[in-house]
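Overview (structure and organization)
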Amino acid sequence: MIQRSSCLRSLLQSLRSGSFSDLKVGGQRRYPSMAGASLQEQLKPSSSSEHEYANVDWDDLGFGITPADYMYSMKCSKGENFREGLVIPFGNIELSPSAGVLNYGQGIYEGTKAYRKEDGGIILFRPDQNAIRMKIGAERMCMPCPSEDQFITAVKQITYANKHWVPPPGKGSLYIRPLLIGSGPVLGLAPAPEYRFLIYASPVGNYFKEGTAPLNLYVEREFSRAVPGGCGGVKTIGNYAPVLKAQMMARKQGFSDVLYLDAVNKKNLEEVSSSNIFVVKDKIISTPVTVGTILEGVTRKSVVEIACDYGYQVEERAIPVDDLVEADEVFCTGTAVGLAPVGSITCQGKRFEFRISGESVCNNLYTILHGIKTGRIEDKKGWIIEII
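Residues numbered from 1 in each chain as written. Predicted model: local features only at pLDDT ≥ 70, side-chain atom pairs only at ≥ 80, totals over all residues. Heavy atoms only, no water.

1. What to know about the packing of aromatic side chains
Our working rule: Two rings belonging to Phe, Tyr or Trp (six-membered ring only in the last case) form a pair when the distance between their centres is within 6.5 Å. Interplanar angles under 30 degrees mark stacking, angles over 60 mark edge-to-face geometry, and anything in between is tilted. Helix and strand labels come from DSSP, where a helix needs a run of H or I of at least four residues and a strand needs a run of E of at least two; each type is numbered from the N terminus. Whether a residue is buried, partly exposed or exposed follows from its accessible area with a 1.4 Å probe, protein chains only, as a fraction of its type maximum: under 20%, in between, or over 50%, in that order. By definition here, charges over rings are those cases where NZ of Lys or CZ of Arg is within 6 Å of the ring centre and within 35 degrees of the ring normal.
Under the criterion given, the structure shown has 11 aromatic pairs. Seen in terms of ring centroids, Phe63 and Tyr207 are 5.0 Å apart; in terms of plane orientation they differ by 75°. Their pairing is edge-to-face. A residue pair is termed long-range when its members are at least 10 positions apart, and Phe63 in the loop between α2 (36-43) and β4 (70-77) and Tyr207 in the loop between β10 (194-204) and β11 (215-220) qualify at 144 residues. Residue class for Phe63 comes out partly exposed when judged on its relative accessible area of 31%. Plain terms: the ring middles of Phe90 and Tyr200 are 6.3 Å apart, the flat faces sit at 65° to each other, and that makes the pair edge-to-face. With a gap of 110 residues between them, Phe90 in the loop between β5 (86-89) and α3 (100-104) and Tyr200 in strand β10 connect regions that are remote in the sequence. For Tyr200, a relative accessible area of 24% puts it in the partly exposed group. Ring pairs connect the aromatic residues Phe63, Tyr175, Tyr207 and Phe208, which therefore count as one cluster. Over the ring of Tyr160 we find Lys163; its NZ or CZ atom is 4.2 Å from the centre of that ring.

Here you go:
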């Protein structure tokens, strides 16, 4: 069991003895969300360093849930706008059995990360893009959504509140999971009458058990991830449970993950279970065009921009599975996976292997993107937000 650090214990004591310690809702002590400077002042323990770490084995993180101390909560009713949120201790939430999210899957989520710089500072990478994508998803799912400013402010606050859970440089990142759910009760098929915006966080290492080793993907031809006119292009919770069966079957056969084809013709590459895919031939980098069935990943978008800046030709197009025969490289991108090289893809019993080297396109792009994310390369695009 992970033990809380002495610093975090003193932080909690400081919060409880603060100017707003008497505020309680439903018997649980809660802490009002405030603008950056005042929040930092309230959360800053007087007897500890900004850079003190939680008691975690940073060399053995993996990608599992190790909940940080604080979460964020904000509610609104149907037809209203979200207002002030709360930074509260991490814990279970109470929902009606008839909540819209439980009965009709009315929910979306996002994922972003905080990184520790070499000097101990903490930075966020492009949370504005997550805010924009959540708004698009909320419109598709008939849900009210926090504004872009509310979203970014909440992410900044929960990152600062959990700053001791951001791993040391090179040891991982703090994964931040914003959720938007229909929390109000509903029986007939209709939008929920109440909504809740939540954010929790967990320190993480590599997404795949292979670590940084090349992935071995399996092309799925029976099951489809998304269909035209559906919700494949937004980050709704309903997109992910359906991929579990194919993913489990593939992993039992020794594959890392599943690569899906288009649902209509079973001909063109679409996505891996939770990441976008890129195919490299000579100096041309191709990725499937997002036409409603493919999620527009923040990492995907960033890789496209960086590749263009460094002289690569980037094409967003339909990519027939047969193009894998001639491909030099294949790699996956996503907030959770980062940039992950693909060593092989197996399709109908045929195994295609790809070039893996220190000078690969994937490795070059990873070096640049990860350098920006961690503060080792100057951010000239305004992608980084400094927390401390």
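2. Examining the pairing of β4
We apply this condition: Here, strands pair whenever DSSP counts at least two bridges between them.
For β4, a buried count of six out of eight residues is recorded, marking the element as mostly surrounded by other parts of the structure. Across four bridges, β4 lies against β5 in antiparallel orientation. From the neighbouring strand, Tyr70 faces β5, where its bridge partner is Pro89. Two elements, β4 and β10, share six bridges in a ladder whose sense is antiparallel.

3. Regarding the confidence of the model for the chain
Threshold: Scored from 0 to 100, pLDDT reflects the predictor's confidence in each residue. The contact criterion used is simple: two residues touch if any of their non-hydrogen atoms lie within 4.5 Å.
Put simply, the chain has an average pLDDT of 89, and 87% of its residues get 70 or more. For residues 1-38, every residue scores under 50 in pLDDT, and the model assigns this stretch 77 contacts once sequence neighbours within four places are set aside. Counted against residues more than four places away or in other chains, residues 44-48, with its pLDDT under 50, gives eight contacts.

4. Digging into the layout of surface pockets
The cut-off we apply is this: A pocket here means an open set of points on a 1 Å grid, computed over the protein atoms alone, that has protein on both sides within 12 Å along at least five of seven lines. A cavity is instead a set of points where a 1.4 Å probe fits but cannot get out; residues with an atom within 4 Å of a point line either one. Grid points are joined across faces, edges and corners, and a volume is the space filled by probe spheres set on the points. Any residue outside Ala, Val, Leu, Ile, Met, Phe, Trp, Tyr, Cys, Pro, Asp, Glu, Lys and Arg is labelled polar, Gly included; the first ten of those are nonpolar and the last four are charged.
In this model, the largest pocket occupies a volume close to 720 Å³. Lining the largest pocket we find 37 residues, and of these Asn206, Thr212, Val337, Tyr366 and His370 sit closest to its centre. Secondary-structure elements contributing two or more residues to the lining of the largest pocket are β7 (112-116), β18 (338-347) and α8 (361-373). Sorting elements by how many residues they give to the lining of the largest pocket places α8 first, with six residues. Taken together, the residues that form the lining of the largest pocket break down as 18 nonpolar, 15 polar and four charged.

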